[in-house]
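# Chains, contacts and geometry: an overview
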Amino acid sequence: DPHAFIPAKSTDLRAPCPGLNTLANHGYLPRDGRNITVPMIVQSFEEVFNLGVDALQPFAKFGLLSSAAPDTLNLDDLVEHSLIEHDASLSRLDTALGDSLHFNEQQFSTLANSNPGVDYYNTTSAGQVQFEMLAQSIRLNPNLTNTPKEFKIRTRESAFYLSTMGDPLTGIAPKNFVQILFREERLPIAEGWKKSTTVITAAVLGALQNVIVANSNWTATQACETEILGP
Ligand code: HEM
Ligand code: MG
């Protein structure tokens, strides 16, 4: 099976992104994590998660800026701080505080333990987790960057884990699927996960993001200019 789950070898490169790493661990992206193009990213996420081109292509093009090569990237290029990579991540340390590339169980414990009493995460819990991660970074990181840009990216990432692991229309995602994506960077197929039957477009993600934003009680600690990501 070309898409069997094989954890990364020490020579393979991986990203600060559980989504991209999962695709590489299943061979939908090159298992060595090298020489990846924008179409490879867009097509693999479409094939595996039913994600829409409109949701992915701007993000993928933006990510390409992290690479020195003209039209490919290696997954670890994406650790470039303040390009996409940001502070107050769900599962990686702030750059100024440690390793912003690899999964960190202690950092992940806020999300893992969120929404107590039920077996799913949702847009309410995702917003609360974003609030708590930012509060932690404000407390611990004197070099924290927290502009509208970071907030927008963080909120899109929350919508990504809810929509791809759960129901993209309700934003309800089983906890065990989300935890497997983060901790093992594996598709939880054996546990019963299935690809979404609805296309996860930018509009679908945007609807989830509106609820996440409302529950994240976010305030900027710095300002930035509006970023233009496409026509
Ligand atoms: C985080 C890149 C698509 C799930 C990240 C980060 C980068 C990145 C650079 C690090 C941000 C941080 O500092 O936390 C990309 C690119 C994508 C893409 C270039 C495609 C164009 C996806 C998709 C999913 C996903 C489709 C869904 C499975 C996540 C999640 C995080 C994340 C949940 C947050 C991790 C954390 O906060 O610890 N992504 N990503 N990404 N990505 Fe992706
Ligand atoms: Mg980060």
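What you see is a predicted model; the values in this text were computed from it and never measured.

### Considering the overall build of the chain
Along the backbone of the chain there are 8 helices and 2 strands. Projected onto its principal axes, the C-alpha positions of the chain cover 45 × 40 × 40 Å. Taken over 231 residues, the chain has a buried fraction of 49%. Carbon and sulfur atoms provide 57% of the accessible area of the chain, an area that totals close to 10,800 Å².

### Things to note about the layout of surface pockets
Volume-wise, the largest pocket comes out at about 280 Å³. Those elements that place two or more of their residues in the lining of the largest pocket are α3 (53-64), α6 (148-165) and α8 (202-214). When the residues that make up the lining of the largest pocket are grouped by side-chain class, the tally is 7 nonpolar, 1 polar and 5 charged. Built from parts of two domains, the lining of the largest pocket gets at least three residues from each of domain 1 (14-80) and domain 2 (90-97 + 105-225). Here the second largest pocket is characterised by a volume of approximately 160 Å³. Along the walls of the second largest pocket sit L93, D94, L97, N104, Q106, Q107, S109, T110, Q136, S137 and L140, which together make up its complete lining. For the lining of the second largest pocket, the secondary structure elements donating two or more residues are α4 (105-112) and α5 (123-140).

### Overview of the domain arrangement of the chain
Segmentation of the chain into domains returns domain 1 (14-80) and domain 2 (90-97 + 105-225). Measuring from the centre of the C-alpha atoms in domain 1 to the corresponding centre in domain 2 gives 19 Å. Counting residues at the interface gives 21 residues for domain 1, matched by 24 residues for domain 2. Surface buried jointly by domain 1 and domain 2 totals about 1,700 Å² across both partners, of which 64% is contributed by carbon and sulfur atoms.

### Here's the deal with the coordination of the iron atom of ligand 1
Its sole protein donor being C17 (SG), the iron atom of ligand 1 sits 2.3 Å from that atom. Structurally, C17 can be placed in the segment before α1 (18-25).

### Examining the coordination of the magnesium ion (ligand 2)
Distances from the magnesium ion (ligand 2) to its protein donors, E85 (OE), H86 (O) and S89 (OG), fall within 2.0 to 2.2 Å. Coordination of the magnesium ion (ligand 2) draws on donor residues from a single chain, spaced E-H-x2-S in sequence. Comparing H86 with S89, the two get one shared label, buried.

### Observations concerning the packing of aromatic side chains
The full count for this structure, using the stated rule, is 7 aromatic pairs. The interplanar angle of 25° and the centroid separation of 5.9 Å between the aromatic rings of F45 and F49 together place this pair among those described as stacked. In this pair, F45 and F49 are both assigned in helix α2 (residues 38-49), 4 residues apart and thus about one turn of the helix distant. Of the residues examined, F49 reaches a relative accessible area of 2% and is grouped as buried. On the numbers, 4.3 Å between centres and 5° between planes, the contact of F151 with W218 is stacked. Here F151, found in helix α6, pairs with W218, found in the segment after α8; they are 67 residues apart in sequence, far enough to count as distant. On the accessibility criterion, F151 (9% relative accessible area) is buried. Here R156 stacks its cationic end above the ring of F160, 6.0 Å away from the centre of that ring.

### What to know about unusual backbone geometry
Positioned with a positive phi, E185 is a non-glycine residue whose angle comes to about 50°. Assessed through its relative accessible area of 12%, E185 is described here as buried. You will see that N217, though not glycine, has its phi angle at about 45°, which is positive. By the secondary structure assignment, N217 is in the segment after α8. Look at N217 and you get exposed, because its relative accessible area is 57%.

### What about the packing of α5 against α6?
Direction vectors running N to C along α5 and α6 enclose 140°, while the axes themselves pass 10 Å from each other. Here α6 runs oblique to α5, going by the angle between their axes. The hand of the α5/α6 crossing is right-handed. From α5, T123, A126, Q130, M133 and L134 reach across to α6, where they touch F151, R154, T155, S158, Y161 and L162. Its residues placed into classes, the contact of α5 with α6 shows 6 nonpolar, 4 polar and 1 charged.

Parameters and conventions
Residues numbered from 1 in each chain as written. Chains lettered and ligands numbered in written order. Predicted model: local features only at pLDDT ≥ 70, side-chain atom pairs only at ≥ 80, totals over all residues. Heavy atoms only, no water. Helix = DSSP H or I, 4+ residues; strand = E, 2+ residues; numbered from the N terminus. Buried < 20%, exposed > 50% of the residue type's maximum accessible area, 1.4 Å probe, protein only. Areas by Shrake-Rupley, 256 points an atom, 1.4 Å probe, with all protein chains shown as cover. 1 Å grid on protein atoms, 1.4 Å probe; cavity = no way out; pocket = protein on both sides within 12 Å on 5 of 7 lines; lining within 4 Å. Points joined across faces, edges and corners; volume = space filled by probe spheres on them. Nonpolar A, V, L, I, M, F, W, Y, C, P; charged D, E, K, R; others polar. Domains from an automatic or database assignment. Contact = heavy atoms within 4.5 Å. Buried area = accessible area lost by both parts, 1.4 Å probe. Donors = N, O, S within 2.8 Å, 3.2 Å for Na, K, Ca; no water. Phe/Tyr/Trp six-rings, centres within 6.5 Å; stacked < 30°, edge-to-face > 60°. Lys NZ or Arg CZ within 6 Å of the ring centre and 35° of its normal. Axes fitted to C-alpha atoms, helices over the stretch in contact; angles between N-to-C directions. Parallel < 35°, antiparallel > 145°, perpendicular 65-115°, else oblique. Left-handed = near helix turned anticlockwise from the far one by under 90°.

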